[in-house]
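# Structural description and commentary
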Amino acid sequence: MTAGGAEIVVRTSREDDVPAMIAIYTHHIRRGLGGNVVVAEDPDDIKKRRKNMLSKRLPHLVAEVGGTVIGYAYAVPFRKRPAYRYTAKHSIYIHPDHLGQGLGRRLLDALVASCAAAGYRQLIGYVDGANLASLRLHERAGFREVGRLPSVAFKFGKWADSVMMQRALGDGDQSPPHDHVPDAT
Ligand SMILES: CC(C)(COP(=O)(O)OP(=O)(O)OC[C@H]1O[C@@H](n2cnc3c(N)ncnc32)[C@H](O)[C@@H]1OP(=O)(O)O)[C@@H](O)C(=O)NCCC(=O)NCCS
């Protein structure tokens, strides 16, 4: 896959990618669909999250073309309690100049593969009910709507639904997790 003739590379993010990620994120939250907070992210928070997630074998990816970051995607644990340790949730953002060119799909497929390889069994995305691009992207990447939380967000003068999109990874629930030790009792 290329952008303007140059090869697009998907790779694990580096700390020096953080400013580019913040610029992409800030663009989208100002438009209102991609996030539920209307304040910009703190670079230190992103740096901490990056390190923390990579230490949990969760992917934190960027798409890069000619040295410029044009999209990013990452997964975090779904919940902190240990029972949920095989489930992750994710976020994905594409640079406004590169929307609708298949990049979201490429990054999301890479994220899915990486979470599956790390032993995660379910992946969940929370999508704004009016975000048709994200709903479509997730459907095409094998996610299905498993729930809709009506009017849980208030952004730009309107109530917004949050749609939970979920897909199984690897064997899903068809086998125990790779590190499961049957209880001897
Ligand atoms: C949602 C987002 C990640 C999609 O990435 P993208 O690179 O533009 O999407 P792709 O080009 O890979 O397209 C994926 C699918 O969505 C469809 N799609 C893309 N943009 C669309 C739009 N505006 N409306 C409807 N469908 C759209 C594509 O046609 C494709 O479906 P197809 O395979 O049936 O043709 C991107 O629009 C984005 O960054 N949006 C702002 C941030 C955001 O909303 N993040 C998600 C938070 S949950």
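Nothing here was measured: the structure is a model prediction, and the numbers come from that model. All chains use their own residue numbering, which begins from 1 and follows the written sequence. Predicted model: local features are reported for residues with pLDDT of at least 70 only, side-chain atom pairs are reported and counted for 80 or more only, and whole-chain, interface and lining totals are derived from all residues.

## A look at the overall build of the protein
Elements are defined by DSSP. Helices are runs of H or I of four residues or more, strands are runs of E of two residues or more, and each kind is numbered from the N terminus. On a plain count of helices and strands, the protein comes out with four helices and eight strands. Reading the secondary structure of the protein in the N-to-C direction produces β-β-α-α-β-β-β-α-β-α-β-β. Computation of the radius of gyration draws on C-alpha atoms alone. For the globule rule, the value is 2.2 Å times the number of residues to the power 0.38. What you see for the protein is a C-alpha radius of gyration of 17 Å, in line with the 16 Å of a compact globule of 185 residues. Here the protein, with 185 residues, has 30% of them falling under the buried criterion. For the protein, the proportion of contacts with a sequence separation of at least 24, taken over those separated by at least 6, is 63%. Three exposure classes are used. Buried residues have 20 or more other C-beta atoms within 10 Å of their own C-beta, exposed residues have 12 or fewer, and partly exposed residues fall in between, all C-beta atoms being placed from the backbone. Working definition of a contact: two residues with C-beta atoms, positioned from the backbone, lying within 7 Å.

## A closer look at the sheet that holds strand β4 (residues 68-77)
In a beta sheet, neighbouring strands pair by backbone hydrogen bonds and run either parallel or antiparallel. Spatially, eight strands are ordered β1-β2-β3-β4-β5-β6-β8-β7 in an open sheet, and the strand pairing comes out mixed. With partners counted over all chains shown, the strands left at the sheet margins are β1 (2-3) and β7 (144-155), one partner each. Pairing between strand β3 (residues 60-65) and β4: six bridges, direction antiparallel. Looking at β4, one finds that histidine 60 is bridged to tyrosine 74. To get an axis, a line is fitted to the C-alpha atoms, and for a helix only the part in contact is used. The angle between two axes follows their N-to-C directions and goes from 0 to 180 degrees. Packed onto the sheet, helix α1 (residues 18-31) meets β4 and β5 (87-94) and runs at close to 85° relative to β4. Taken strand by strand, helix α4 (residues 132-140) contacts β6 (122-128) and β8 (158-168), and its axis lies near 160° from that of β6. For two strands to pair, DSSP has to find at least two bridges joining them.

## A short note on the nonpolar core
Of all hydrophobic cores here, the largest spans 37 residues; its most connected members are Leu61, Tyr72, Ala73, Leu107, Leu108, Leu111 and Cys115. Contributing elements (two or more residues each) for this core: β2 (6-12), α1, β3, β4, β5, α3 (103-117), β6 and β8. Beyond its immediate stretch of four places on either side in the chain, cysteine 115 contacts Leu58, Pro59, Ala75, Ala88, Tyr120, Leu123 and Leu169. As used throughout, a nonpolar core is a set of buried Ala, Val, Leu, Ile, Met, Phe, Trp, Tyr and Cys residues joined through C-beta atoms within 7 Å of each other.

## What about α1?
Compared with the 20 Å implied by 1.5 Å per residue over 14 residues, the 20 Å span of α1 between its first and last C-alpha is a close match. Residues of α1 that are buried include every one of Val18, Met21 and Ile24, and no others. Take α1 and look down its axis: the buried residues cluster within an arc of 130°, on one side only. For α1, the exposed residues lying more than 90 degrees away from the buried face are Pro19, Arg30 and Arg31. On its buried face, α1 sits against α2 (43-55), β4 and β5. By this rule, a helix spans an expected 1.5 Å times one less than how many residues it contains. Our arc is simply the arc of the directions from the helix axis toward the C-beta atoms.

## A few points about unusual backbone geometry
Unlike most non-glycine residues, serine 151 shows phi in positive territory, near 55°. With respect to the helices, strands and loops of the structure, serine 151 is situated in strand β7. Even without being glycine, phenylalanine 156 reaches a positive phi, approximately 50°. Within the element layout of this structure, phenylalanine 156 appears in the loop between β7 and β8. The class for phenylalanine 156 is exposed, based on 10 C-beta atoms found within 10 Å.

## Details of the packing of α1 against α2
Where α1 contacts α2, the two axes come as close as 10 Å, and the packing angle between them is 115°. Between α1 and α2, the crossing angle belongs to the class labelled roughly perpendicular. Along this stretch, α1 crosses α2, giving a crossing that reads as right-handed. Residues Val18, Met21 and Ile22 of α1 lie in contact with α2, whose contacting residues are Pro43, Ile46 and Lys47. Gly counts as polar in this scheme, as do all residues outside two lists: the nonpolar Ala, Val, Leu, Ile, Met, Phe, Trp, Tyr, Cys and Pro, and the charged Asp, Glu, Lys and Arg. For the contact of α1 with α2, the class distribution of residues is five nonpolar, no polar and one charged. Roughly parallel means an angle under 35 degrees; roughly antiparallel, over 145; roughly perpendicular, 65 to 115; everything else is oblique. Handedness of a crossing follows from how the near helix is turned relative to the far one, being left-handed for an anticlockwise turn of less than a right angle and right-handed for a clockwise one.

## Thoughts on the pairing of β8
Of the strand pairs in this sheet, β6 and β8 are connected by seven bridges, and their pairing is antiparallel. Counted as the bridge partner of tyrosine 126 is methionine 164 from β8. Both β7 and β8 contribute to a ladder of eight bridges, which runs antiparallel. Within the sheet, the bridge partner assigned to leucine 149 lies in β8 and is serine 162. Two successive antiparallel strands, β7 and β8, enclose a turn made up of two residues, where phenylalanine 156 displays a positive phi of approximately 50°.

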